[in-house]
Amino acid sequence: MSEIARIILDGKEYELPVIVGTENEKAIDISKLRGASGYITIDPGFKNTGSCKSAITYLDGENGILHYRGYPIEQLAEKATFLEVAYLLIKGDLPNQKELDWFVNSITNHTLVHEDMKRFFEAFPTDAHPMGILSSMIASLSTFYPESQNPNRSIEDVELTMHRVIAKLPTLAAQAYKNNMGHPVVYPKNSLSYTENFLHMMFGLPTDDYNVSPVVNDALNKLLILHADHEQNCSASTVRIVGSSQANLYSAISAGIAALWGPLHGGANQAVIEMLETIKNDGGGLQKWVDKAKDKSDSFRLMGFGHRVYKNFDPRAKIIKKAADDVLEALGVDDPVLDIAKELEAVALKDQYFIDRGLYPNVDFYSGIIYRALGIPTDMFTVMFAIGRLPGWIAQWKEMVEMGEPIGRPRQVYTGATKRDYVDITKR
Ligand code: CMC
């Protein structure tokens, strides 16, 4: 028999259905509560509110479990390619060879961006943050492909838009970097894989063949997979809510990029390295920084620590910490910032403040150290996160559309002034 929750309001009892997910996650369905009782529920930051049913990613924060479509993240990071994982997230199952070939081929054929977009790049200040450029460029793609704006588009059109955005995001990201450097743009080379092509556009020259290091390519593939989806996080929820108004996919992804940029979300990877650099240059002990992070009158937080959902460990951080060691060793890079990160982690994890609040290193704590070793500049770190997260955003958007979800529109409890009459300006 299905469970029922009972709530008593103003002496009257209401029965609310209980929904149980495939991993036995339970939720009380309050969607009809207001109509029946006049009450809404309130939960700032949606700390205890499910916004949808989803079959994409399963996350158990207490036990540090993360599955994409049922597959453990550890297995995917070890064995899959990024585009294979993108297919899995978007389509629901791992592709066979024929399906993967079709998907990779279609994406590879859309890597170029319209030459007119060069003029947009020229207009940005040379020190423009690449996340600002990327968000603008992705939104502007909708103007080059107006068919994407039709909410009643065909399945083929939707598929084409999804492939276009996956293909063009790395091209635009690399062009943003080249533009900031004042270097000539390197066009995509379609004989290369997705990750190789990105490295070629970032670090190659228009005149030369760029030799992609297999170590760098493998590390990038793993990092992108680890970032590919994370259920209803801030940027994915943004993508779903923007898409719920039937705005086109490019605009929804552009909004997702903007949400990701913040230092409490994807922007933390840049903030972590800046914090570790500050600690290194300060030359003092680590306890001082841990104490600052605990001091409620100080706005400083240990960036890369803590997570809304993980309260035990972040499985992505575990894989990335090991990968950081492996990549630095394979590339022969000695980065003192990695030692500081490890020492800081050790000090914080023994501290009662962090233990009591379940604060552990998250995905962003060690990822920046790998990006640095790969030669990616600090202000491009969050762009790397965006490239990784793109298939997840697309899968979340597609699921929202296919489930026919209503427009996202929360309610509020009004706490402002009650009705008052207009006062003429001379009498105020
Ligand atoms: N340093 C010091 N104290 C912290 C930290 C931190 N990094 N994170 C949380 N706390 C404290 C916080 O002050 C609060 O203490 P109290 O209960 O005494 O008021 C308690 O821990 C709970 O924190 P919260 O801010 O209520 O938790 P939240 O779920 O709203 O925020 C978070 C989660 C990730 C925004 C937060 O932990 C944070 O700001 N971390 C640093 C930024 C960061 O690394 N973000 C990347 C997240 S992972 C990548 C992604 O998917 O976005």
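Worth saying up front: this structure is predicted, and the values here are computed from it rather than measured.

### Here's the deal with the sheet that holds strand β4 (residues 57–60)
Taken together, the 3 strands give an open sheet; going across it, the order is β4-β5-β6, and neighbouring strands pair in antiparallel fashion. Each end of this open sheet is capped by a strand with a single partner; those strands are β4 and β6 (71–72). Where strand β5 (residues 65–68) and β6 come together, 2 bridges link them in antiparallel fashion. Its bridge partner lying in β6, Y68 is registered against Y71.

### Topic: the site of the ligand
By nearness alone, 22 residues border the ligand, and H265, R301, L302, G304 and R308 come closest of all. In the environment of the ligand, an oxygen atom lies 2.7 Å from a nitrogen or oxygen atom belonging to the side chain of R308. Contact with the protein chains covers 80% of the free accessible surface of the ligand, which is 940 Å². Residues that form the shell around the ligand fall into these classes: 10 nonpolar, 6 polar and 6 charged.

### Digging into the pattern of salt bridges
Considering all chains together, one arrives at 23 salt bridges under this definition. Between D298 and K292 there is a salt bridge whose closest N-O contact spans 3.0 Å. Salt-bridge contacts for D351 lead to K294; the nearest nitrogen and oxygen are separated by 2.9 Å. Taken together, the residues D351 in the loop between α15 (336–349) and α16 (352–356) and K294 in helix α13 (residues 287–294) connect sequence positions 57 residues apart. Since its relative accessible area comes to 27%, K294 is described here as partly exposed.

### Some thoughts on the packing of aromatic side chains
Under the definition given, this model contains 13 aromatic pairs. Ring geometry for Y87 versus F103: centroids 5.3 Å apart, planes at 90 degrees, classification edge-to-face. Here F103 lies in helix α4 (residues 97–108) and Y87 lies in helix α3 (residues 82–91), a separation of 16 residues in the sequence. Judged by its relative accessible area of 2%, F103 falls in the buried class. Joined through ring pairs, the aromatic side chains of F305, Y353, F354, F365 and Y366 make up one cluster. Note that K318 overlies the ring of F313, its terminal NZ or CZ placed 4.5 Å from the centroid.

### A few points about a positive patch on the surface
A cluster of basic residues, K47, K296, R301, R308, K311 and R357, forms a positive patch on the protein surface. Examined against the element boundaries, K296 turns out to sit in the loop between α13 and α14 (315–331).

### Section: the pairing of β5
As paired elements, β4 and β5 share 4 bridges and run antiparallel to each other. Counted as the bridge partner of Y58 is H67 from β5. Taking the residues that link successive antiparallel strands as the turn, the β5-β6 hairpin has 2 residues, and the phi of R69 there is positive, at about 50 degrees.

### Concerning the sheet that holds strand β1 (residues 4–9)
The 3 strands lie next to each other as β1-β2-β3, forming an open sheet whose pairing is antiparallel. In the strand order of this sheet, the two ends are held by β1 and β3 (26–28), each with one partner. With direction set aside, neighbouring strand axes in the sheet form an average angle of 30 degrees. Bridge count for strand β2 (residues 12–20) against β3 is 3 bridges, and the pairing is antiparallel.

Calculation notes
Residues numbered from 1 in each chain as written. Predicted model: local features only at pLDDT ≥ 70, side-chain atom pairs only at ≥ 80, totals over all residues. Heavy atoms only, no water. Pairing = 2+ DSSP bridges. Helix = DSSP H or I, 4+ residues; strand = E, 2+ residues; numbered from the N terminus. Near = heavy atom within 4 Å. Polar contact = N/O pair within 3.5 Å; in protein donor to acceptor, adjacent residues only side chain to side chain. Areas by Shrake-Rupley, 256 points an atom, 1.4 Å probe, with all protein chains shown as cover. Nonpolar A, V, L, I, M, F, W, Y, C, P; charged D, E, K, R; others polar. Salt bridge = Lys/Arg side-chain N within 4 Å of Asp/Glu carboxyl O. Buried < 20%, exposed > 50% of the residue type's maximum accessible area, 1.4 Å probe, protein only. Phe/Tyr/Trp six-rings, centres within 6.5 Å; stacked < 30°, edge-to-face > 60°. Lys NZ or Arg CZ within 6 Å of the ring centre and 35° of its normal. Patch = residues over 30% accessible without salt bridge, like charges linked within 9 Å, V, L, I, M, F, W, Y side chains within 5 Å. Lys, Arg positive; Asp, Glu negative; His and termini not counted. Charge placed at Lys NZ, Arg CZ, Asp CG, Glu CD. Axes fitted to C-alpha atoms, helices over the stretch in contact; angles between N-to-C directions.

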